Amino acid sequence: MNPAHNVQDLVKSYYGKRLKRSEDLQTDVSCSLKCGPLSKSACDAMALIHPEVSSRYFGCGLVIPESLGGCHVLDLGSGSGRDCFILSKLVGPLGRVTGVDMTDELIQVSRKYVSYHQEKFGYKETNTDFVQGYIEKLGEAGIQYNSYDLLVSNCVICLCLDKKAVFEEAHRVLKEGGEMYFSDMYASEPVDEELKKDARLWGEGLAGALYWKDLIRLVKSVGFSTPYLVTASHINIQTPELLRQTGNVRYASGTYRFFKLPAERDEGRELVTYKGTVSDHLQELHFDSVHSFKKDKPVEVDGELAMVLKISRFASHFITEPAKRGEAPLKDEPQQCCHLNPFLLADTLGSSIQQCSKAQKATLCGNKTEEASKRPVVEG
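Everything numeric in this text was worked out from a predicted model, so none of it was measured. Within each chain, residue numbers correspond to sequence positions counted from 1 in written order. pLDDT decides what is reported in this predicted model: residues at 70 or higher carry local features, side-chain atom pairs at 80 or more are listed and counted, and totals for whole chains, interfaces and linings draw on all residues regardless. Think of the side-chain values as coming from all heavy atoms in the structure, minus any hydrogens and water.

Chemist: I tried to follow the overall build of the protein chain on my own but got confused; where do I start?
Modeler: Note on conventions: DSSP H or I runs of at least 4 residues are helices, E runs of at least 2 residues are strands, and numbering of each starts at the N terminus. Scanning the protein chain for helices and strands turns up 12 helices and 16 strands. Looking at the protein chain as a whole, 57% of its 380 residues qualify as buried. A 1.4 Å probe and the Shrake-Rupley method give the accessible areas. Residues count as covered only by the protein chains that appear here. Total accessible area on the protein chain is roughly 16700 Å²; 48% of this is exposed by carbon and sulfur atoms. Residue exposure (1.4 Å probe, protein chains only): buried if accessible area is under 20% of the type maximum, exposed if over 50%, otherwise partly exposed.

See below:
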């Protein structure tokens, strides 16, 4: 039997029949989210989400990037539809959000509340739909290639056996200049094949978590830009049995973004100046963990990032020009030494994150929690 089909059937059963709400997760795996609150627009949208949709949320991060107005968005592994409905509010009535999921029960929940959220958002017509299918085979699910501005995914790729197929399909369905922005679970080293035989570890994402260095190689091999690490946090395993099974492997939640760029790219460095025109980010736009653009302050960046800013949905928000020798603009200096390693970034952010569980109803809007959980990060 095809191993991929075995994993798909296992995951469908786990999330469709075994888990009826977020609290039903069995392994006491918790993740820590960056403490920064959501934007006001995202908080306003989240407050309108139906309770049943929120109760069956199984994500491990935030997949709400900036500048979404009018975008066509595809959610890979949309589950109950929570992220889709939030995004449908943020893209506005001229945008469109499609969710793809393979699980019968979750597709039914998401479709059940399409009209509910249309009315809540005050739209004359719905801008959200849900398609049942496999994210490794988007074409077979009827998803058109070269048609989306943004792809998101929230702790789903770790549940897929064939991750290269997922990223290849993602590259095909994005327009040139389109972005993939997603959160997922990552391992500190390649996961042993023995762990991949455990059904519960697959259901919780631990067996299928990608070694973070393999992610970098994989996405570049299918044609994407270099990934940009947005935020990361350690995943704490509390169950002694799981600690014994996973051994020295550590886990982290990481949010990355990368872009579909032309095959021929200008490698020259350029000056980019943020106009301060992205809603909720009028004074400063935090692009990733090492790039933050203040309004009207020129920054010298490498050719690939300059290309991203020129041909993506961010193009209207930046002024770009070739860097001139002899000038001394603000440099594109890393703010942390972490770069693309989610474990190093999680260490750096450790003093300013609040702990949450995939199973708890986290408060992401408003003030930070007074104190993060006292439980230490398990180092393996």
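On we go from here.
Chemist: Can you help me understand the packing of aromatic side chains in this one?
Modeler: Geometrically, a pair of aromatic rings is defined through the distance of the ring centres and the angle of the planes. Aromatic rings from Phe, Tyr and Trp, taking only the six-membered ring of Trp, are treated as a pair when their centres fall within 6.5 Å; an angle between ring planes under 30 degrees marks them as stacked, one over 60 as edge-to-face, and anything in between as tilted. Applying the stated criterion across every chain, the model contains 14 aromatic pairs. On the numbers, 5.4 Å between centres and 65° between planes, the contact of Phe 85 with Phe 130 is edge-to-face. Here the residue Phe 85 occupies a position in helix α4 (residues 82-91), and Phe 130 occupies one in strand β4 (residues 128-132), the gap between them amounting to 45 residues. Centroid distance Phe 293 to Phe 318: 5.2 Å. Interplanar angle 85°. Geometry classified as edge-to-face. A residue pair is termed long-range when its members are at least 10 positions apart, and Phe 293 in strand β12 (residues 292-294) and Phe 318 in strand β14 (residues 318-322) qualify at 25 residues. One exposure class covers both Phe 293 and Phe 318, and it is buried. Definition used: whenever NZ (Lys) or CZ (Arg) falls within 6 Å of the ring centre and also within 35 degrees of the ring normal, the charge is taken to sit over that ring. Here the guanidinium or amino end of Arg 257 rests over the ring plane of Phe 287, the centre of that ring lying 4.5 Å away.

Chemist: Would you mind going over the nonpolar core with me for this structure?
Modeler: Where a protein is soluble and globular, its nonpolar side chains tend to be buried together. Buried Ala, Val, Leu, Ile, Met, Phe, Trp, Tyr and Cys residues form a nonpolar core when they are joined through side-chain atoms within 4.5 Å. Core analysis: the biggest nonpolar cluster contains 40 residues, and Leu 74, Ile 143, Leu 151, Phe 167, Met 180 and Phe 182 have the highest contact counts within it. Of the residues forming this core, the biggest block, 5 residues, is contributed by helix α9 (residues 212-221). Residue contacts are defined here by distance: any two heavy atoms, one from each residue, within 4.5 Å place the two residues in contact. Contacts of Met 180, omitting those with residues within four sequence positions, involve Leu 76, Leu 151, Ile 157, Phe 167, Ala 170, Leu 174, Tyr 256, Arg 257 and Phe 258. By size, the runner-up hydrophobic cluster in this structure holds 27 residues, among which are Ile 49, Cys 71, Val 73 and Val 91.

Chemist: Would you mind showing me how to read helix α11 (residues 303-311) here?
Modeler: Note: α-helices contain 3.6 residues per turn, so residues at a spacing of three or four share the same orientation. The element α11 is extensively covered by neighbouring structure, given that 7 of its 9 residues are classed as buried. Of the residues making up α11, those classed as buried are Gly 303, Glu 304, Leu 305, Ala 306, Met 307, Val 308 and Leu 309. For α11, the secondary structure elements touched by its buried residues are β8 (228-237), β9 (251-259), β10 (270-274), β12, β13 (299-301) and β14.

Chemist: Would you explain helix α7 (residues 163-173) in this entry?
Modeler: Counting buried residues in α7 gives 8 out of 11 residues, a clear majority hidden from the surface. Listed in full, the buried residues belonging to α7 are Lys 163, Ala 165, Val 166, Phe 167, Glu 169, Ala 170, His 171 and Val 173. Structurally, α7 contributes buried residues whose contacts are with β2 (72-76), β5 (148-154), β6 (174-187), β7 (210-211), α9 and β9.

Chemist: Sorry, what's going on with the packing of α7 against α9 here?
Modeler: The description of two helices packed together rests on the angle between their axes and the distance between the axes. Axis separation between α7 and α9 bottoms out at 9 Å; the angle between their running directions is 40°. As summarised for this structure, α7 and α9 are arranged oblique, according to the angle between their axes. Where α7 crosses over α9, the two elements pack in a sense that is right-handed. Within the contact between the two elements, α7 uses Lys 163, Lys 164 and Phe 167 and α9 uses Leu 215, Leu 218 and Val 219. Under this scheme, a helix contributes an axis fitted over its contacting stretch, all axes are lines through C-alpha atoms, and angles between N-to-C directions fall in the 0 to 180 degree range. Any angle from 65 to 115 degrees is called roughly perpendicular, while one under 35 is roughly parallel, one over 145 is roughly antiparallel, and all others are oblique. Crossing handedness is defined as follows: a turn of the near helix away from the far one that is anticlockwise and smaller than a right angle gives a left-handed crossing, while the clockwise case is right-handed.

Chemist: Is there a simple way to think about the confidence of the model for the protein chain in this case?
Modeler: Detailed reading of the predicted model is not advised wherever pLDDT is low. When pLDDT is averaged along the protein chain, the result is 83, and 79% of the positions lie at 70 or above. The quantity known as pLDDT measures the predictor's confidence residue by residue, on a range of 0 to 100. Across residues 15-36 the pLDDT falls below 50, and counting only partners more than four positions away or on other chains, this stretch makes 88 contacts in the model. Predicted confidence is poor over residues 351-363, with pLDDT under 50, and the contacts of this stretch with residues over four places away or in other chains come to 46 contacts.

Chemist: Would you explain the packing of α4 against helix α6 (residues 114-121) in this entry?
Modeler: Two elements in contact, α4 and α6, have axes separated by 11 Å at closest approach and are oriented at 35°. Judged by the twist between their axes, the crossing of α4 over α6 is right-handed. Across the interface between the two elements, Phe 85, Ser 88 and Lys 89 from α4 touch Val 114, His 117 and Phe 121 from α6. Residues were grouped as follows: Ala, Val, Leu, Ile, Met, Phe, Trp, Tyr, Cys and Pro as nonpolar; Asp, Glu, Lys and Arg as charged; and all remaining residues, including Gly, as polar. Per-class residue counts for the contact of α4 with α6 are 3 nonpolar, 2 polar and 1 charged.

Chemist: What exactly am I supposed to notice about the pattern of salt bridges here?
Modeler: Any two side chains of opposite charge can pair, on the condition that their charged atoms come close. Any Lys or Arg side-chain nitrogen found within 4 Å of a carboxyl oxygen on Asp or Glu counts as a salt bridge. Within this structure, the stated rule accounts for 15 salt bridges. For Lys 40, the salt bridge identified is with Asp 44, shortest N-O distance 2.8 Å. Taken together, the residues span about one helical turn, with Lys 40 and Asp 44 both in helix α2 (residues 40-46) at a distance of 4 residues. Residue Glu 52 pairs with Lys 112 through a salt bridge whose shortest N-O separation is 3.4 Å. Taken together, the residues Glu 52 in helix α3 (residues 51-55) and Lys 112 in helix α5 (residues 104-112) connect sequence positions 60 residues apart. On the accessibility criterion, Glu 52 (27% relative accessible area) is partly exposed. Each member of the salt-bridge network shares a partner with another, and the members are Glu 66, Glu 179, Arg 257 and Arg 313.

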